[in-house]
Amino acid sequence: MSESSVFEKLRVLAERGLDPYVSAYRFEVTARAEDIKVKYSSLAPGDETNDVVSVAGRIWHVRSHGGITFIDLYDETGRIQVVVRRDVVEGNPKMGFLMEVIDKGDIIGVRGRVIRTRRGEISVLAEDVELLAITWRPIPFHEFGVRDPEQRYRERYLDIMLNSKVRKAIVNLYRLEMEMRRILDSKGFIEVHTPKLQPIYGGALAKPFVTKVNALDRVVYLSIAPETYLKRLIVAGLYKVYEIAVCFRNEDIDATHYPEFVQLEAYQAFADWNDMMALTEELIAESVKSVYGDYEVEVDVEGSTKVLDFTRPWRRINLEDAIEDVLKTRVKGRSKEELLEIARSLGVEVRDPRRGKILEKLFEKLVVPSIVNPTFVTLFPRDISPLARPYRHDPGYAERFELYIAGLEIANGYSELNNPLLQYHFFKEEEELRRMAGLDVEAHPMDRDYVRALEYGMPPTGGVGIGLYRLIMVLSGLPSIKDVIPFTITTPEHVELVVENGYEMVRRYLGG
RNA sequence: GGGCCCGUAGCUCAGCCUGGUAGAGCGGCGGGCUUUUAACCCGUAGGUCCCGGGUUCGAAUCCCGGCGGGCCCGCCA
């Protein structure tokens, strides 16, 4: 469809009363592509049924052979072939004309009988076709879809339309979320919404977005995490709560970070980190099984196939042992200065003054890239975990774990700190850190209301946050988090529109 | 914040190093074809070489600046 001929096409359609923007307001759909293929899978080549179905979707390819035309029609489930045969539609006066004008990219509804062609393709043998909308712009229907990365992100509807990996990621994330909701619901969790506009940001260490509530003339922050609010609900006596929360963090964008992302955060009273690791295993393993049909998932990563095994129980390693395994030298008990020296010898610069941060950096550099199957990493340093409870056997550590899959951090959880005295002390430590290190280092702000809530008494509680975009990235084999987010920010551009040249046609649709 | 790379037809790209009439495939358009699968066959049109400036007899090509985009490093999940 060339741009200049769109208006000509609409003009000739209008002459016959077939302009879809005048005549087509709805179409009764009775079947979907995938359902038809499943239902009639036993049909033999050349067989024809008398079962009439109505399907609708977009035309991807047209193969016209004169007296017979094959159309690849895509609905939300996939492809179905439509066969238009001259001898079948001869008695339908509009069909000859319609077949002349419809193009790939147009959206049509088809009513016809289900058949299997001689070559074995389950198809709808059209008796009637309705043009429901046209494409005003050419659509690149070829094997690779939109390849220019700029156009992929600017016109994401094209990428989602044409790139099945991206489309499946969006659909499968929905399915995973629904399955996780089902599991949590069966355990008595309730789903809540916590504020996205917050007077004090917290629950993570990150730069916030700053905005203003006009009604109160007050500066507020977009939520970087729902954590402190969900734990206030634990104090309030809602002992099993979760939220699938959009989080906003004003940090740089790369393959695994985006300023808005979605986490499932769950908190359970009377539970500890071991319970939360078990819950994390169940939520992810069972939802993966349900959506992908198996605990083992084959993932295509840029041409080569990798297998991720979600079979429970997952491997557990502790952070310092894992570093020592690779480094072949002791890190436990070493001073900050010694650790810094080791880091420097590996080319890892650490500006953050906390000892634990050096260990975390070493871990990320030495251990994380080699992790493939789901692995819990336990016993994080206490000084970089201000909301976690100290390890019951050694207060130098926190009862905190992270989950890694395919070299990516997917989840983070701990035995929640419920002691207001320690929480206040840790917030003070963070304030001190910020004062010393300046704005370069993220520190958790003092939140006096949160400490007050703890002063009323919070039961022992376990919590976990699961990064859903990263999870679906890993499961889909997509290399960038932007690939699984339906729409991302692009710099404004001037958009040339086809319709700018057709203003005189407006009257046709509005009268007057 | 630092570094590297890319921008040519609707799409995917070649041409650039070494300056000399703008190229291919796919798609589009016209024609043919009653069992195709990115159909096939014949014919045909299509370009502000991202923008601006400079060097040159001459710039898609060399130089400078800008715009847009991607990747890597640092920081955040």
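Being a predicted model, the structure only gives us computed values, none of them experimental.

With respect to the overall build of chain A
Inference 1: The secondary structure content of chain A amounts to 18 helices and 20 strands.
Inference 2: Along the first, second and third principal axes, the C-alpha set of chain A runs to 85 × 55 × 50 Å.
Inference 3: Burial status across chain A gives 49% buried among its 512 residues.
Inference 4: Here the contacts in chain A between residues at least 6 apart in sequence split such that 67% fall between residues at least 24 apart.
Inference 5: Total accessible area computed for chain A in this model is approximately 25,300 Å², and 51% of it derives from carbon and sulfur atoms.
Inference 6: Positive and negative charge centroids in chain A, built from 69 and 81 side chains respectively, lie 0 Å apart.

Quick look at the sheet that holds strand S4 (residues 107–116)
Inference 1: Taken in spatial order, the five strands of this closed barrel run S1-S2-S3-S5-S4, and their pairing is mixed. Here the average twist between neighbouring strands, direction ignored, is 55°.
Inference 2: Bridging between strand S1 (residues 48–64) and S4 involves eight bridges; their strand directions are antiparallel. Paired with Ala56 across the bridge in S4 is Gly109.

A word on the nonpolar core
Inference 1: Leu264, Ile284, Phe310, Ile466 and Val484 are the most contacted members of the largest nonpolar core, which has 53 residues in total.
Inference 2: Of the residues forming this core, the biggest block, nine residues, is contributed by helix H10 (residues 273–292).
Inference 3: Apart from residues no more than four positions distant in its own chain, Ile284 is found in contact with Met180, Phe310, Trp314, Leu403, Ile466 and Leu471.

A few points about the layout of surface pockets
Inference 1: Considered as a void within the structure, the second largest pocket measures approximately 470 Å³ in volume.
Inference 2: Considering the residues around the second largest pocket, the lining is formed by 22 residues, among which Arg137, Pro138, Glu155, Tyr157 and Leu158 are closest to the centre.
Inference 3: Counted by class, the lining of the second largest pocket contains 11 nonpolar, two polar and nine charged residues.

Describing the sheet that holds strand S9 (residues 218–222)
Inference 1: Here we have three strands laid out as an open sheet, ordered S7-S9-S8, and antiparallel in their pairing. Each of the sheet's edge strands pairs with one partner strand only, and the pair in question is strand S7 (197–198) and strand S8 (210–213).

Digging into the confidence of the model for chain A
Low pLDDT means the predicted atomic positions in that stretch should not be read closely.
Inference 1: Taken residue by residue, chain A gives an average pLDDT of 92. The fraction at 70 or more is 98%.
Inference 2: We note a pTM of 0.93 for the whole complex and an ipTM of 0.86 for its interfaces.

Brief notes about the pairing of strand S15 (residues 375–378)
Inference 1: Alternating positions in S15 separate into two faces, Thr375 and Val377 on one and Phe376 and Thr378 on the other, with burial throughout.
Inference 2: Both strand S14 (residues 315–318) and S15 contribute to a ladder of four bridges, which runs parallel. Residue pairing across strands places Arg315 opposite Thr375, the latter belonging to S15.
Inference 3: Two strands pair when backbone bridges link them, and S15 and strand S18 (residues 400–405) are joined in this way by four bridges, in the antiparallel orientation. Considered in S18, the bridge of Phe376 is made with Leu403.

A look at unusual backbone geometry
Inference 1: With an omega of -5°, the peptide bond between Arg312 and Pro313 qualifies as cis.
Inference 2: One can find Pro313 in the loop between strand S13 (304–309) and S14.
Inference 3: One non-glycine residue with positive phi stands out, namely Asp217, at about 50°.
Inference 4: Here Asp217 is to be found in the loop between S8 and S9.
Inference 5: Given the relative accessible area of 58%, Asp217 is considered exposed.
Inference 6: For Phe270, which is not a glycine, the phi torsion comes out positive at approximately 65°.
Inference 7: Examined against the element boundaries, Phe270 turns out to sit in the loop between strand S11 (260–269) and H10.

A look at the protein's contact with RNA strand B
Inference 1: Around RNA strand B, the surrounding shell holds 49 residues, and the nearest of these are Arg119, Glu150, His257, Tyr258 and Arg470.
Inference 2: A share of 53% of the atoms of RNA strand B within 4 Å of the protein falls on sugar and phosphate groups.
Inference 3: The separation between a base oxygen of RNA strand B and a polar side-chain atom of Arg85 is 3.1 Å.
Inference 4: Taking Arg154, its side chain carries an N or O atom lying 3.0 Å from a sugar or linking oxygen of RNA strand B.
Inference 5: Elements with a contribution of two residues or more to the surface near RNA strand B: S1, strand S2 (68–75), strand S3 (78–85), helix H4 (86–89), helix H6 (149–154), helix H13 (355–366) and helix H17 (481–484).
Inference 6: At four residues, the largest contribution of residues to the surface near RNA strand B is made by H6.

Procedures and definitions
- Residues numbered from 1 in each chain as written.
- Chains lettered and ligands numbered in written order.
- Predicted model: local features only at pLDDT ≥ 70, side-chain atom pairs only at ≥ 80, totals over all residues.
- Heavy atoms only, no water.
- Helix = DSSP H or I, 4+ residues; strand = E, 2+ residues; numbered from the N terminus.
- Buried < 20%, exposed > 50% of the residue type's maximum accessible area, 1.4 Å probe, protein only.
- Contact = heavy atoms within 4.5 Å.
- Areas by Shrake-Rupley, 256 points an atom, 1.4 Å probe, with all protein chains shown as cover.
- Lys, Arg positive; Asp, Glu negative; His and termini not counted.
- Charge placed at Lys NZ, Arg CZ, Asp CG, Glu CD.
- Pairing = 2+ DSSP bridges.
- Axes fitted to C-alpha atoms, helices over the stretch in contact; angles between N-to-C directions.
- Core = buried A, V, L, I, M, F, W, Y, C linked by side-chain atoms within 4.5 Å.
- 1 Å grid on protein atoms, 1.4 Å probe; cavity = no way out; pocket = protein on both sides within 12 Å on 5 of 7 lines; lining within 4 Å.
- Points joined across faces, edges and corners; volume = space filled by probe spheres on them.
- Nonpolar A, V, L, I, M, F, W, Y, C, P; charged D, E, K, R; others polar.
- pLDDT = per-residue confidence, 0-100.
- Near = heavy atom within 4 Å.
- Polar contact = N/O pair within 3.5 Å; in protein donor to acceptor, adjacent residues only side chain to side chain.

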